[in-house]
Amino acid sequence: MAHELSTGPEIWEQCGHELDVFVAGLGTGGTITGAGRYLKKRKPEIQLVGVDPVGSLYYGYIKDKRITKPFPYKVEGIGEDFFPTTINLNIIDDIEQVDDKECFLMTRELVRREGLFVGGSCGAAVSGAIKYAKRIDKKCNILVLLPDGASKYISKIFNDDWMRENGFFDDSPGLGTVHDLLAGRDGKVMTANANDTVQNVIDRLRDHGFS
């Protein structure tokens, strides 16, 4: 009800009533059910697209009414191993499935390229939206809800070692540690003290070849 009374109207007004597709990750389902209920009242032909991680129950059931056996996945905040009473599966028009690697690489891309400091479920939603857009291959206004912040995932999604250990990076070596980088340079470590002006520090960095 909160999403029907708040999220849905906010989306509808901020999109200027020009919305064709609403995409959201499927967790307990309150978001897509509530917001979708409002949006469908305003424009019945709006398509509600859910995004589900591999290992969750939703995708198989929505696609062909199969109840598959759930298994663990690492993306948090979306997917279920049961059917909550908070989701109306009949209101969902389509669904896309994403795996952990897709979720996490897209999450990092959103931060790096778009400045969107979001969490893994948001990377999942955007990956699913892109898959859907490529599949329908026509112009339309697609809104993707990004409800999760990145601060909870600094030691996971944004940690290169964790990503590599879990097989989400290729085997190519990373940049290494600060020590590794400094070891490859000639000369001593440059420092600044509390009495230096910002301009002095900038000049010092430039004089020693630092960008």
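Below is a short write-up of the structure. (Residues numbered from 1 in each chain as written. Predicted model: local features only at pLDDT ≥ 70, side-chain atom pairs only at ≥ 80, totals over all residues. Heavy atoms only, no water.)

### Re the sheet that holds strand 4 (residues 142-144)
Alright, step 1. The 4 strands are arranged 3-2-1-4 in an open sheet whose pairing can be described as parallel. Pairing within the sheet leaves two strands with one partner each, and these edge strands are strand 3 (94-98) and strand 4. Adjacent strand axes in the sheet meet at a mean angle of 25° when their direction is disregarded.
Alright, step 2. As paired elements, strand 1 (residues 21-25) and strand 4 share 3 bridges and run parallel to each other. Paired with Val 21 across the two strands is Ile 142, which belongs to strand 4.
Alright, step 3. Of the strands in this sheet, strand 1 and strand 2 (47-53) are in contact with helix 2 (residues 30-42), which crosses strand 1 at around 170°. (Pairing = 2+ DSSP bridges. Helix = DSSP H or I, 4+ residues; strand = E, 2+ residues; numbered from the N terminus. Axes fitted to C-alpha atoms, helices over the stretch in contact; angles between N-to-C directions. Contact = heavy atoms within 4.5 Å.)

### Section: helix 4 (residues 100-114)
Alright, step 1. Look at helix 4: 20 Å from first C-alpha to last across 15 residues, which is about the 21 Å you get at 1.5 Å a residue.
Alright, step 2. Listed in full, the buried residues belonging to helix 4 are Asp 100, Cys 103, Phe 104, Met 106, Thr 107 and Leu 110. Projected onto a plane normal to the axis of helix 4, the buried residues spread over an arc of 165° and lie on a single side. Of the exposed residues in helix 4, the ones pointing more than 90 degrees away from its buried face are Arg 112 and Arg 113.
Alright, step 3. Packed against the buried residues of helix 4 are strand 3, helix 5 (120-136) and helix 6 (160-165).
Alright, step 4. Regarding helix 4, its N-cap is Asp 99, as a side-chain oxygen of that residue lies 3.2 Å from the backbone nitrogen of Lys 101 further along.
Alright, step 5. Positive phi shows up at Gly 115, right after helix 4, with a value of about 70°. (Expected span 1.5 Å × (residues − 1). Buried < 20%, exposed > 50% of the residue type's maximum accessible area, 1.4 Å probe, protein only. Arc of directions from axis to C-beta. Polar contact = N/O pair within 3.5 Å; in protein donor to acceptor, adjacent residues only side chain to side chain.)

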